[in-house]
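Given next are the chains, with one letter for each unit.
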Amino acid sequence: MNKIFLLLISLFFFSCSSDEEENNPTLPVLTTSNASNITLTGVTSGGNITTDGGTYITARGVVWNTLSNPTISLTTKTSDGTGIGSFTSSITNLTPGTTYYVRAYATNSDGTAYGNEISFTTGNLQLPVITTIGISNITQNTASSGGNITSDGGGAITARGVVWSTTQNPTIALSTKTTDGSGSGVFTSNITNLTPNTTYYVRAYATNSVGTAYGNDEIFTTLTPEAAMYPTGTVFCNNLVTAVADVTNPVTGKTWMDRNLGASQVATSSTDTAAYGDLYQWGRRADGHQCRNSATTTTLSSSNQPGHGSFILSPSNPHDWRSPQNTNLWQGINGVNNPCPSGYRLPTITELYSELASWSQNNSSGAFASPLKLTVAGFRDRSDGSLLLVGSDGGYWSSTVYTIDSQAISLNGPNISASIILSNRVVGRSIRCIKD
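Residues numbered from 1 in each chain as written. Predicted model: local features only at pLDDT ≥ 70, side-chain atom pairs only at ≥ 80, totals over all residues. Heavy atoms only, no water.

Peer 1: How would you summarise the overall build of the protein chain if you had to cite specific residues and measurements?
Peer 2: Counting secondary structure elements, the protein chain contains three helices and 27 strands. The C-alpha atoms of the protein chain give a radius of gyration of 41 Å, which is well past the 22 Å a tight globule of 436 residues would have. Principal axes of the C-alpha set define a box for the protein chain whose edges measure 155 × 50 × 30 Å. Looking at the protein chain as a whole, 44% of its 436 residues qualify as buried. In the protein chain, 61% of the contacts between residues at least 6 apart in sequence involve partners at least 24 apart. A total of about 20200 Å² of accessible surface is found on the protein chain, and carbon and sulfur atoms cover 51% of it. Taken as two groups, the 21 positive and 26 negative side-chain charges of the protein chain have centres that lie 11 Å from each other. (Helix = DSSP H or I, 4+ residues; strand = E, 2+ residues; numbered from the N terminus. Rg over C-alpha atoms; globule rule 2.2 N^0.38 Å. Buried < 20%, exposed > 50% of the residue type's maximum accessible area, 1.4 Å probe, protein only. Contact = heavy atoms within 4.5 Å. Areas by Shrake-Rupley, 256 points an atom, 1.4 Å probe, with all protein chains shown as cover. Lys, Arg positive; Asp, Glu negative; His and termini not counted. Charge placed at Lys NZ, Arg CZ, Asp CG, Glu CD.)

Peer 1: Give a description of helix 2 (residues 349–358) that names residues and reports values.
Peer 2: Of all the positions in helix 2, only I349, E351, L352, E355 and L356 are classed as buried. An end-on view of helix 2 places all buried positions within 160 degrees of arc, on one side of the element. Opposite its buried face, helix 2 presents the exposed residues T350, Y353 and A357, each directed more than 90 degrees away. Residues of helix 2 that are buried make contact with strand 16 (255–257), strand 20 (344–345), strand 23 (394–402), strand 24 (405–411), strand 25 (419–423) and strand 27 (434–435). (Arc of directions from axis to C-beta.)

Peer 1: Break down the state of the cysteines for me, citing the residues and quoting the values.
Peer 2: Working definition: the covalent bond between the sulfur atoms of two cysteines is a disulfide. Tallied over the entire structure, the rule returns two disulfides. Shown here is the disulfide that connects C237 with C291, its sulfur atoms set 2.0 Å apart. What sets the handedness of the C237 and C291 disulfide is the S-S torsion sign, and at about -90 degrees it is left-handed. Here the residue C237 occupies a position in the loop between strand 14 (218–221) and strand 15 (246–248), and C291 occupies one in the loop between strand 17 (280–281) and strand 18 (296–297), the gap between them amounting to 54 residues. Given a relative accessible area of 9%, C291 falls into the buried group. (Disulfide = S-S within 2.5 Å.)

Peer 1: Before we move on, can you summarise the sheet that holds strand 9 (residues 143–151) with the specific residues and values?
Peer 2: Paired through backbone hydrogen bonds, the strands of a sheet run either parallel or antiparallel to each other. The sheet built from three strands is open, its strands ordered 8-9-11 with antiparallel pairing. Looking along the sheet, the strands with just one partner apiece sit at the ends: strand 8 (129–132) and strand 11 (185–191). The mean inter-strand angle of the sheet, taken between neighbouring strand axes irrespective of direction, is 25 degrees. (Pairing = 2+ DSSP bridges. Axes fitted to C-alpha atoms, helices over the stretch in contact; angles between N-to-C directions.)

Peer 1: Now, about the pattern of salt bridges: what can you tell me, with residues and values included?
Peer 2: Opposite charge on two side chains makes pairing possible when the charged atoms of those side chains draw close. This structure, assessed with the given rule, holds eight salt bridges. Between D258 and R259 there is a salt bridge whose closest N-O contact spans 2.8 Å. Residue classification places R259 among the buried residues on the basis of a relative accessible area of 13%. The structure contains a network of salt bridges with shared partners spanning K254, R345, E351 and D436. (Salt bridge = Lys/Arg side-chain N within 4 Å of Asp/Glu carboxyl O.)

Peer 1: Account for the pairing of strand 12 (residues 199–207), with residues named and values stated.
Peer 2: Counted residue by residue, strand 12 has eight buried out of nine residues, so it is predominantly covered. In the sheet, strand 10 (residues 159–165) pairs with strand 12 via seven bridges, with the strands oriented antiparallel. Within the sheet, the bridge partner assigned to W164 lies in strand 12 and is V202. Here strand 12 runs beside strand 13 (residues 212–214); their pairing, made up of three bridges, is antiparallel. Bridging from a neighbouring strand, A206 pairs with A213 of strand 13.

Peer 1: Account for the packing of aromatic side chains, naming residues and giving values.
Peer 2: The geometry of an aromatic ring pair is captured by two quantities: the separation of the ring centres and the angle between the planes. The final tally for this structure, using the stated rule, is four aromatic pairs. Between the aromatic rings of Y100 and F120, the centroid separation amounts to 5.9 Å while the plane-to-plane angle is 25 degrees, which identifies the pairing as stacked. With Y100 in strand 5 (residues 99–108) and F120 in strand 7 (residues 118–121), the pair connects residues that are 20 residues apart, well separated along the chain. When its relative accessible area of 5% is taken as the criterion, F120 is described as buried. Over the aromatic face of F379 sits the side chain of R429, whose NZ or CZ is 5.2 Å from the ring centroid. (Phe/Tyr/Trp six-rings, centres within 6.5 Å; stacked < 30°, edge-to-face > 60°. Lys NZ or Arg CZ within 6 Å of the ring centre and 35° of its normal.)

Peer 1: Which residues make up the pairing of strand 3 (residues 59–65), and what are the values?
Peer 2: Within strand 3, five of the seven residues are buried, which leaves it mostly tucked inside the rest of the structure. Strand direction decides the pairing type here: strand 3 and strand 5, joined by seven bridges, are antiparallel. Note that in strand 5 the partner of N65 across the bridge is Y101.

Peer 1: Tell me about the sheet that holds strand 2 (residues 43–51), and please be specific about residues and values.
Peer 2: If you walk across this open sheet you meet the three strands as 1-2-4, and the pairing is antiparallel. The open sheet has two edge strands with one neighbour each: strand 1 (29–32) and strand 4 (85–91). Taken pair by pair, the neighbouring strands of this sheet meet at an average axis angle of 20 degrees, ignoring direction. As paired strands, strand 1 and strand 2 are joined by four bridges and run antiparallel to one another. Residue pairing for strand 2: V29 is matched across the bridge by T51.

What follows is the structure, encoded as structure tokens:
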């Protein structure tokens, strides 16, 4: 009996010992994930809990510090759920250019365990990246520019604008600059208090905590007082601004500019090349297409301003550079696309006809002998943009339209009568502006 009792006692204590071992948890086992996606102020890490220590994982994440062996007593930690297995942690609000130490952690009823320590260094702040916007709206005393900040370098943009000078590479040490807010992206700057007929260099700038970065130099020249008389955006071929001087026909009583648009002088003969000037397509502004060597394109424009300076070809009906056609261009001093200087406009066909009727001879010789001293400047072909009959023929646009065409005066040499003609609007012809 005693032996049986002792056996029972032994089995009881063995059983209790086994239960205690099963209910006695240990710390979790885990590793720390390598750092990835390192930026100026953030990084990705995490961990992998391979053993929970015999009890449920109630908290997990990573903890970091600028000193080694960080613990969860710090506030710089993440909380990334519960349970075993892999997890990802996003570490934020870091300081650029700083080395950090990171450990994954896992907590169960026995306490908190840590993974291996890793370290990484956040990226350094850089200067911003910026480009200068091209110059526009140039007048005698003002212009427009701006910049595009495509990267803030990792730091807030605290100042931005443009700076200008009459010498290259201006800096913000100069007083000639604008202040145009803060932040990245595109901004516009208004440049003022400039001197007429002066060349300037402009750079956009952007400042962050690292310093100030500059865009590319943009160069422009302010207008002369005479150039300022022309519509904003006028392209002057070969940088030649047509002088604005008057001549009056005593017979008609009308006052005109004394030379063709684009001419450098009053004609000394009917074939004076310096007096030929530019060749315009009817109704177009002085966007550069009128230059005798401008590029060509076969793409018709759907708007009054094509947005380029190419001569538009149109070998088929209705032979216009614009589709659909617009008959309301060049009408008066405030007319759409009027290329003449302030106070001047395209003449009507009636006004041109009155001039023709006042000539001593009804031909190109009479045209040159008249107060207007008109030349035979040729014209530009509708099909290929070539120059035709330069020195033997000339055509001057009026503002008058007729069905799908517009009217002009044609000079057909000294032995052929001048006449009023219907001309395709795509043809390039001369302009003589009349004073309103």
